[in-house]
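Summary of structural features
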Amino acid sequence: MTNNIPWAIVTGASSGIGREMAKILAQKGMNLVIIARTSELLVTLKTDLESFGVQSCVICSDLTKVSAINDILQVLEEKDINPYVLINNAGCGLFGTFAQQNSQEISNMLTLNIQALTLLTHAIIPKIPPGGYIMNVSSIICFQATPYYAAYAASKSYVDAFSQALQYELSPNIHVSTLYPGMTDTRFFETSHQVIKPWLKSLMMKSAPFVAKKAITGMLNNKKTMTPGMINKISSNLGYYMPNWITTKLMAFLFKNR
Ligand SMILES: NC(=O)c1ccc[n+]([C@@H]2O[C@H](COP(=O)([O-])OP(=O)(O)OC[C@H]3O[C@@H](n4cnc5c(N)ncnc54)[C@H](OP(=O)(O)O)[C@@H]3O)[C@@H](O)[C@H]2O)c1
Ligand SMILES: C[C@H](O)[C@H](N)C(=O)O
């Protein structure tokens, strides 16, 4: 840690929830390693972060590329950064009927949401000191089969299971938290090509700053799970109240574009 100020790594920091989480961590006095593909957005974020008096390190990296993890490790080595926090936030969705989706887009999504998160975590764990934190970003739709987000929701089910197991293995040295956002007002929907039903948006949509604040507060309070928003807490437990065939039909109703 440079002059004893802890460093936090946030992937997917160029926009949305990750950008807001990075800003909150900077306000709390942490240095930031911010990772994404869009350099212009990372550079403006760097300026914002450093206005809080902390250092920041921009790593422009496409996490779906094989070399990404080693490239990140090389930068950390060069700058002598041993992160105290790792937030695996980078992720994307793919909306639509699975059989009609583009196989390369499916592959990229699964590589980002599953492989990159897993391998980056594996590479960074040895660098996190006792008392450090890992947060993995899943989703409230990880808890049940979700037609029209079939592969995406399943990738978030992986994150849920992986993160919960890691929480057990790394406790009490490293605190592992899992974030389950519900619908959040970010670029996610532009990227996933989902058109949201207006009534669903007004009922469910939360802001990225709201989700980020709940996420960071929960993580630093050693919470194992964070599900921002009461409606999301209720809906993420649907599986306890109803059989799978009902929850799957319900999710299809919520997501199918009429
Ligand atoms: N928004 C929601 O409703 C919602 C709900 C539940 C869970 N989530 C999860 O929340 C996380 C953050 O998403 P968001 O809602 O904040 O959406 P977002 O605004 O689209 O942010 C996604 C971030 O990931 C980065 N990213 C995408 N592909 C990448 C790649 N190949 N390599 C490196 N970085 C990449 C993006 O930056 P670049 O494009 O610059 O690379 C961006 O910074 C995701 O894991 C998402 O699945 C979102
Ligand atoms: C798909 C759902 O609306 C939410 N954006 C999610 O990522 O889980």
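Refer to the structure presented above.
Now for a quick tour of the structure. (Residues numbered from 1 in each chain as written. Chains lettered and ligands numbered in written order. Predicted model: local features only at pLDDT ≥ 70, side-chain atom pairs only at ≥ 80, totals over all residues. Heavy atoms only, no water.)

**Here's the deal with the pattern of salt bridges**
All chains considered together, the criterion is met by four salt bridges. Measuring nitrogen to oxygen at the nearest pair gives 2.7 Å for the salt bridge that ties Glu50 to Lys46. Placement of both Glu50 and Lys46 in helix H2 (residues 39–50) is noted, with a separation of four residues, approximately one turn of the helix. With relative accessibility at 36%, the residue Glu50 sits in the partly exposed group. Here Lys46 falls in the partly exposed class, since its relative accessible area comes to 26%. In this structure, Lys127 and Glu77 form a salt bridge, with 3.6 Å as the shortest nitrogen-oxygen distance. (Salt bridge = Lys/Arg side-chain N within 4 Å of Asp/Glu carboxyl O. Helix = DSSP H or I, 4+ residues; strand = E, 2+ residues; numbered from the N terminus. Buried < 20%, exposed > 50% of the residue type's maximum accessible area, 1.4 Å probe, protein only.)

**Examining the site of ligand 1**
The full set close to ligand 1 counts 30 residues, and Ser15, Arg37, Thr38, Tyr152 and Thr186 are the nearest of them. Interatomic distance of 2.7 Å between a side-chain N/O atom of Tyr152 and an oxygen atom of ligand 1. In the model, an oxygen atom of ligand 1 is placed 2.9 Å from a nitrogen or oxygen of the Lys156 side chain. When the free accessible area of ligand 1 is taken as 880 Å², the share hidden by the protein chains comes to 96%. For the shell around ligand 1, the elements supplying multiple residues, two or more each, are helix H1 (16–27), helix H5 (150–170) and helix H6 (188–192). Looking at the shell around ligand 1 residue by residue, the classes come out as 12 nonpolar, 14 polar and four charged. (Near = heavy atom within 4 Å. Polar contact = N/O pair within 3.5 Å; in protein donor to acceptor, adjacent residues only side chain to side chain. Areas by Shrake-Rupley, 256 points an atom, 1.4 Å probe, with all protein chains shown as cover. Nonpolar A, V, L, I, M, F, W, Y, C, P; charged D, E, K, R; others polar.)

**With respect to the sheet that holds strand E3 (residues 56–60)**
Strands sit in the order E3-E2-E1-E4-E5-E6-E9 across an open sheet of seven strands; the sheet is parallel. Unpaired on one side and paired on the other, E3 and strand E9 (225–226) mark the two borders of the sheet. Pairing of strand E1 (residues 7–11) with strand E2 (residues 31–36), which is carried by five bridges, proceeds in the parallel orientation. Counted as the bridge partner of Ile9 is Val33 from E2. Relative to strand E5 (residues 133–137), helix H8 (residues 208–220) is tilted by about 140°, and along the sheet it contacts strand E4 (85–88), E5, strand E6 (175–179) and E9. (Pairing = 2+ DSSP bridges. Contact = heavy atoms within 4.5 Å. Axes fitted to C-alpha atoms, helices over the stretch in contact; angles between N-to-C directions.)

**Some remarks on the environment of Asn232**
Mapping Asn232 onto the fold places it in helix H9 (residues 230–235). Sequence-wise, Asn232 and Thr184 are 48 residues apart; in three dimensions their C-alpha atoms are separated by 11 Å. Those residues in contact with Asn232 that lie beyond four places of it in its chain are Ile140, Gly182, Met183, Met204, Lys206 and Thr227. Among the polar contacts listed, one links the side chain of Asn232 to the backbone oxygen of Pro228, at a separation of 2.9 Å.

**Here's the deal with the pairing of E1**
Among the five residues that make up E1, five are buried, leaving the element largely enclosed by the rest of the structure. Neither face of E1 is open: one carries Trp7, Ile9 and Thr11, the other Ala8 and Val10, and all of them are buried. Bridge count for E1 against E4 is three bridges, and the pairing is parallel. If you follow Ala8 over to E4, its bridge partner there is Val85.

**Digging into the pairing of E3**
By the bridge criterion, five bridges tie E2 to E3 in an arrangement that is parallel. By the bridge assignment for E3, Val33 is matched with Cys57. On the question of chirality, the crossover connecting E2 to the parallel E3 by way of H2 is right-handed. (Right-handed = clockwise from strand over helix to strand, strands pointing away.)

**Considering the nonpolar core**
Grouped together as the largest cluster of nonpolar side chains are 55 residues, with contacts concentrated most on Val33, Leu63, Ile124, Ile141, Tyr149 and Phe255. The element contributing the most residues to this core is helix H4 (residues 103–124), with eight residues. Those residues in contact with Ile124 that lie beyond four places of it in its chain are Ile9, Leu73, Leu76, Pro83 and Leu86. Membership of the second largest hydrophobic core comes to 29 residues, among which are Leu42, Val85, Ala212 and Met219. (Core = buried A, V, L, I, M, F, W, Y, C linked by side-chain atoms within 4.5 Å.)

**Structural notes on the state of the cysteines**
For the structure on display, the rule yields zero disulfides. Counting only cysteine sulfurs, Cys57 is the nearest neighbor of Cys60, a cysteine outside any disulfide, at a range of 10 Å. Given a relative accessible area of 44%, Cys60 falls into the partly exposed group. Lacking any disulfide linkage, Cys92 is separated from the closest cysteine sulfur, that of Cys142, by 17 Å. Overall, Cys92 belongs to the buried group, its relative accessible area being 19%. (Disulfide = S-S within 2.5 Å.)

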